[in-house]
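Commentary on secondary and tertiary structure
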Amino acid sequence: MRLGLDVGGTKTDAVALAPDDRIVARVRIATGWGRDAVVGTILEAVSALRADGGFAASDISSVGVGIPGLVDAAEGRVLHAVNLGVEELDLAASVRAVLDVPFAVENDVKAAALGAGALRGDASSMAYLNLGTGVAAGIVVDGVLWRGSRGTAGEVGHISVDPRGRVCGCGQRGCVETFCGGGAVAKAWGRPGALPIKDIFDAADEGDREASELRRGIAYGAASAVRILVLSADVETVVLGGGVTALGDRLLDDVSGRLREEAAASPFLGSLRLDERIELLPAGSPAAALGAALVGAAHGRVGIEKGAVVHG
C-alpha cells in the first residue's frame, strides 16, 4: 500500500493506493496545530487508513505527505507553514522515528499537480493552478515535477500584473494573488460571511458595483496566471483547483471569457487559444493526497533529487 496525505490548515485528506493504483481507502481528519500536533495528525491518518482499508502496518510500502509552506523535499523538512503553526520541522525524521517506511514530503500544491496529472491520465505537459487562500502552481512535464533551481517554479501568485494595484502580503503591489487569492479578495470585500467569494459572485449577479469589480478582478488574476504559465513553461493544459474553484462553471466561464477578450485584442494571444487550454479539477478530487502517495512511492524507489515521477 502506498499512502498519501494532504495536510491542510484545518483538514487532512488521506488515501491508500493498492498495487493496481486503486484507491482502497480514504479518510479525512482534523489537522492539529503546531509541530507535535502535525506529526500526530499524520500518524493518526495512517492508522485511520489502515482501519478503513483493513491492511496491516507491514503492508505499507511508502508514505508521502503534501504540506503547505517551504519544503526541502530532499531532506523532508518543512519551513514557514504558518497555517499549521510550524516555523521549522524535520518532518521526515519525526515520522520515521515511529513509522519505519520510506517517507517523503512535498509542497501541497506541487503534490496536487502530480495528482491532477495522474487523474487526467496525461501529465505530459500541464500545470495545476491552485486558487485558494493564496495562489500558486505546480508544473509537470513528461510526468516529472519541475521545481526549478530553488524550488520556486510555479509561484505565479507573486508576479505583479498591476504596479498600481493593492499591496500584497509579499510587499509588492498588484500581484496575481491580490486579484484572485481568496484571502486577499475576502479582505478587499470586507463584509461578514462564511463564503465571501461566493457572496461576491452572488452580489455581482444582483448588480452590486463593488462585487462586480472584485469578480472581474478574480477573472483577470486567474487569466493572468494562466497566461504566465503558458508563456513561461509552454504547458498544454492548465488545471484550475483550490477552494475558489468550488464556484465551478461560474468561475470557469468568467476566466474563459476574460481570456477570449484578451485574445480578441491580440493576434498573438489569439494564436495560443488559452481559453481552450484550461479545465477545472473535478469537485472532491483527492488530487493532493494522490500526488503525495506518488511522491512517497517514487522516493521509496529512487529517492528525490530534482523531480518526482508521476507514473506507476
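Residues numbered from 1 in each chain as written. Predicted model: local features only at pLDDT ≥ 70, side-chain atom pairs only at ≥ 80, totals over all residues. Heavy atoms only, no water.

1. Some details on the nonpolar core
Definition in use: For this analysis, a nonpolar core means a set of buried residues of the types Ala, Val, Leu, Ile, Met, Phe, Trp, Tyr and Cys, connected via side-chain atoms within 4.5 Å. When a residue's accessible area, from a 1.4 Å probe over protein chains only, is under 20% of the maximum for its type it is buried; when over 50% it is exposed; and in between it is partly exposed. Strands are runs of DSSP state E lasting at least two residues, helices are runs of H or I lasting at least four, and both sets are numbered from the N terminus onward. The criterion used for residue contact is that any of the two residues' heavy atoms lie within 4.5 Å.
Counting 43 residues, the largest nonpolar core has Leu129 and Val238 as its most contacted members. At 11 residues, helix H7 (residues 209-233) tops the list of elements feeding residues into this core. Ignoring sequence-local partners within four residues, the contact set of Leu129 consists of Val135, Ala136, Ala137, Val156, Ala222, Ala225, Val226, Leu229, Val238, Val239, Leu240 and Gly241. Membership of the second largest hydrophobic core comes to 31 residues, among which are Val27, Val46, Leu49 and Ile60.

2. A few points about helix H8 (residues 249-265)
Quick note on the threshold: To estimate the expected span of a helix, count its residues, drop one, and scale the result by 1.5 Å.
For H8, which comprises 17 residues, the first-to-last C-alpha distance of 24 Å matches the rise-based estimate of 24 Å (1.5 Å per residue) to within 8%. Along H8, the residues that are buried comprise Leu251, Leu252, Val255, Ser256, Gly257, Leu259 and Glu262.

3. Observations regarding the packing of helix H6 (residues 196-205) against H7
Put simply, the rule reads: Axis lines are fitted through C-alpha atoms, for helices just across the contact stretch, and the angle between N-to-C directions can take any value from 0 to 180 degrees. Orientation is classified from the angle alone, with under 35 degrees giving roughly parallel, over 145 giving roughly antiparallel, 65 to 115 giving roughly perpendicular, and any other angle giving oblique. Two helices cross in a left-handed way if the nearer one is turned anticlockwise from the farther one by less than a right angle. They cross in a right-handed way if the turn is clockwise. Residue classes follow a fixed rule: Ala, Val, Leu, Ile, Met, Phe, Trp, Tyr, Cys and Pro count as nonpolar, while Asp, Glu, Lys and Arg count as charged, and any other residue, Gly among them, counts as polar.
With their axes 8 Å apart at the nearest point, H6 and H7 run at an angle of 120° to one another. With respect to each other, H6 and H7 are oriented oblique. Considering the relative orientation of H6 and H7, their crossing is left-handed. Contacts from Ile197, Ile200, Phe201, Ala203, Ala204 and Asp205 in H6 reach Ala211, Ser212, Leu214, Arg215 and Ile218 in H7. Residues of the contact of H6 with H7, tallied by class, amount to eight nonpolar, one polar and two charged.

4. Brief notes about the sheet that holds strand S8 (residues 103-107)
Stated precisely, the cut-off is as follows: A strand pair is defined by DSSP finding two or more bridges across the two strands.
Strand order across the open sheet formed by five strands is S3-S2-S1-S4-S8, with mixed pairing between neighbours. Edge strands, defined here as strands with exactly one partner in the open sheet, are strand S3 (23-30) and S8. Strand after strand, the sheet turns through a mean of 15° between neighbouring axes, direction not considered. One ladder, built from seven bridges, connects strand S2 (residues 11-17) with S3; its direction is antiparallel. In the strand pairing of S3, Lys11 is matched with Ala30. Packed onto the sheet, helix H1 (residues 35-53) meets strand S1 (2-7), S2, S3, strand S4 (62-67) and S8 and runs at close to 140° relative to S3. The sheet strands contacting helix H3 (residues 108-120) are S1, S4 and S8, and the helix crosses S8 at an angle near 100°.

5. Details of the sheet that holds strand S10 (residues 135-141)
Read from one edge of the open sheet, five strands run S11-S10-S9-S12-S13, paired in mixed fashion. With partners counted over all chains shown, the strands left at the sheet margins are strand S11 (144-146) and strand S13 (278-280), one partner each. Within this sheet the neighbouring strands show an average axis-to-axis angle of 30°, counted without direction. Both S10 and S11 contribute to a ladder of three bridges, which runs antiparallel. The partner of Ile139 across the bridge, within S11, is Trp146. Here H7 sits on the sheet in contact with strand S9 (125-131), S10, S11, strand S12 (237-241) and S13, set at roughly 155° to S9.

6. Regarding the layout of surface pockets
The probe, sized like a water molecule, is rolled over the atoms to show the empty space still left. Definition in use: For each structure, a 1 Å grid was placed over the protein atoms alone; sets of points admitting a 1.4 Å probe that cannot get out are labelled cavities, open sets with protein on both sides within 12 Å along at least five of seven lines are labelled pockets, and lining residues have an atom within 4 Å of a point. Grid points are joined across faces, edges and corners, and a volume is the space filled by probe spheres set on the points.
What the second largest pocket holds in volume is close to 210 Å³. Around the second largest pocket sit Thr133, His158, Arg166, Val167, Cys168, Gly169, Cys170, Glu177, Thr178, Gly183, Ala184 and Lys187, which together line it. Considering every element that reaches the lining of the second largest pocket, the biggest residue donor is helix H5 (residues 182-189), with three residues. Per-class residue counts for the lining of the second largest pocket are four nonpolar, five polar and three charged.

7. Some points on the confidence of the model for the chain
Short version of the rule: Scored from 0 to 100, pLDDT records how confident the predictor is in each individual residue.
Per-chain confidence: the chain averages 93 in pLDDT, with 96% of residues scoring 70 or above. Taken together, the stretch residues 303-312 has pLDDT below 50 and engages in 35 contacts with residues farther than four places along the chain or on a different chain.

8. Some remarks on the pairing of S8
Across the five residues of S8, five count as buried, placing the element largely inside the fold. Of the two faces of S8, both are covered, the one formed by Phe103, Val105 and Asn107 as well as the one formed by Ala104 and Glu106. As paired strands, S4 and S8 are joined by five bridges and run parallel to one another. Residue pairing for S8: Val63 is matched across the bridge by Phe103.

9. Things to note about the packing of aromatic side chains
Under the convention used in this document: When the centres of two rings from Phe, Tyr and Trp lie within 6.5 Å, Trp using its six-membered ring, the rings pair. Their planes under 30 degrees apart give stacked, over 60 give edge-to-face, and anything left gives tilted. As a reminder, the over-ring test applies to NZ of lysine and CZ of arginine, requiring each to be within 6 Å of the ring centre and within 35 degrees of the ring normal.
Applying the stated rule across the entire model yields one aromatic pair. Look at Phe179 and Tyr220: their rings are 5.0 Å apart centre to centre, the planes differ by 75°, and that puts the pair in the edge-to-face class. Here Phe179, found in helix H4 (residues 176-180), pairs with Tyr220, found in helix H7; they are 41 residues apart in sequence, far enough to count as distant. The ring centre of Trp189 lies 3.8 Å from the NZ or CZ of Arg191, which sits over that ring.

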